[in-house]
Amino acid sequence: QVQLVESGGGLVQPGGSLRLSCAASRSILGIYAMGWYRQGPGKQRELVATIYSGGTTDYADSVKGRFTISRDYAKNTLYLQMHGLKPENTAVYYCNLDYGPLRIESLRRYWGQGTQVTVSS
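Q: Which residues make up the pairing of strand S8 (residues 77-82), and what values do they have?
A: Burial of S8 is extensive: five of the six residues sit out of reach of the surface. Here strand S7 (residues 67-72) hands over to S8 after four residues, with Asn76 in that stretch at a positive phi of 50°.

Written out as structure tokens, the structure is:
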């Protein structure tokens, strides 16, 4: 079991920046993938960004060039730096940890509780 705790959300004006953090209760070294998802009002949860164990990153087209995913092994923490925020980025942002396909499904993926990001003037 691993616990994930997100922080860093809040209210920001359009064009502003925020950095989200996701602190894991255990080492994140070698984790198959970690990612950020979001769920806006009345919308389905969607993938925002992923970072794989080798360092490869992947982003949703809508955030490319504005968001950056990173991790700090020493702090067991995942980050999402967001710049150029838009009202449509308003959502609850969730951290996800994936131990990969060699784990049984019930022990493979973990989620944080989410942090609210509101972009509004």
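Q: Got a sec to walk through the sheet that holds strand S1 (residues 4-7)? Specific residues and values, please.
A: Strand order across the open sheet formed by four strands is S1-S3-S8-S7, with antiparallel pairing between neighbours. Looking along the sheet, the strands with just one partner apiece sit at the ends: S1 and S7. Sheet twist, expressed as the mean angle between neighbouring strand axes with direction ignored, is 15°. In this structure, S7 lies alongside S8, joined through six bridges in antiparallel fashion. In the strand pairing of S8, Ser70 is matched with Tyr79.

Q: Summarise unusual backbone geometry; cite the residues concerned and give the values.
A: Positive phi, close to 50°, is recorded for Asn76, a residue that is not glycine. With respect to the secondary-structure elements, Asn76 resides in the loop between S7 and S8.

Q: Summarise the nonpolar core; cite the residues concerned and give the values.
A: One finds Trp36, Leu80, Met82, Tyr93 and Leu97 to be the most contacted residues of the largest nonpolar core, which totals 30 residues. Mapped by element, the contributors of at least two residues to this core are strand S3 (18-24), strand S4 (33-39), strand S5 (46-52), S7, S8, strand S9 (91-98) and strand S11 (115-119). Discounting chain neighbours no more than four positions away, the residues touching Leu80 are Leu18, Arg19, Leu20, Trp36, Val48, Ala49, Phe67, Thr68, Ile69 and Tyr93.

About the cut-offs
- Residues numbered from 1 in each chain as written.
- Predicted model: local features only at pLDDT ≥ 70, side-chain atom pairs only at ≥ 80, totals over all residues.
- Heavy atoms only, no water.
- Buried < 20%, exposed > 50% of the residue type's maximum accessible area, 1.4 Å probe, protein only.
- Helix = DSSP H or I, 4+ residues; strand = E, 2+ residues; numbered from the N terminus.
- Pairing = 2+ DSSP bridges.
- Axes fitted to C-alpha atoms, helices over the stretch in contact; angles between N-to-C directions.
- Core = buried A, V, L, I, M, F, W, Y, C linked by side-chain atoms within 4.5 Å.
- Contact = heavy atoms within 4.5 Å.

On their own, these measurements won't tell you what the molecule is for.
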